[in-house]
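A look at the structure
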Amino acid sequence: YRRALAINPNHINALGNLALVLAARGELDEAEACFRAAVRTPGSGHENASWNYANFLIRRKGDRQTAADVLKQGIAANPDSGRLMVGYAEEMILARRPDDALAALNTAREKGANQEQVEVDHAYALQLSGAPPIDCIAAYRTALSLRPNDASLQLNLAQVLYLQGDVEQASSLLRASL
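Rules of the game
Residues numbered from 1 in each chain as written. Predicted model: local features only at pLDDT ≥ 70, side-chain atom pairs only at ≥ 80, totals over all residues. Heavy atoms only, no water. Helix = DSSP H or I, 4+ residues; strand = E, 2+ residues; numbered from the N terminus. Expected span 1.5 Å × (residues − 1). Buried < 20%, exposed > 50% of the residue type's maximum accessible area, 1.4 Å probe, protein only. Arc of directions from axis to C-beta. Contact = heavy atoms within 4.5 Å.

A few points about helix α9 (residues 133-146)
- Its 14 residues place the ends of α9 20 Å apart at the C-alpha level, agreeing with the 20 Å of an ideal helix rising 1.5 Å per residue.
- Of all the positions in α9, only Cys136, Ile137, Ala139, Tyr140, Ala143 and Leu144 are classed as buried. The buried residues of α9 occupy an angular sector of 165° when the element is viewed end-on, so they sit on one face. Exposed residues on α9 whose side chains face more than 90 degrees from its buried face are Ile134 and Ser145.
- Contact partners of the buried residues in α9: α8 (115-128) and α10 (151-163).

Right, here's the structure in full:
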């Protein structure tokens, strides 16, 4: 990748791939510099560079706020990227900003993002937003139809069902999730 960058120092894919190699080697500062250069470079690889940089920030640096900013900038540069919108929504869920998450997920749906992930995240964000229990139940059932063995979804649906007084169905879900 360094040879490619010697020829074209703004080659977005070479920058992003070199960043991944450097991160794998533990050379985090140099990897971050390559990621920053990649996301500043316009081109067809920008969406991947944004995705990879955000994941690097989360997994290697523990910097979720900067990752959310990178995802938001990536969305601005790649408005059709459902993947970046889902990633941003997940960061908003973790930041306890459900309204921002729901808005991003609605857009991600329109952009054809992975439906399973959109519906799972939508259920979590909807419950976090304080939506009416009946809406949360419907969202969790939709998510479970796509991911039927997901224990977290089963547990969260059981919680909402308990709140609604449906102890029998909630208990059944709890047993199934264990």
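Examining unusual backbone geometry
- Despite not being glycine, Arg96 has its phi angle at roughly 60°, a positive value.
- Assignment of secondary structure puts Arg96 in the loop between α6 (82-94) and α7 (98-110).

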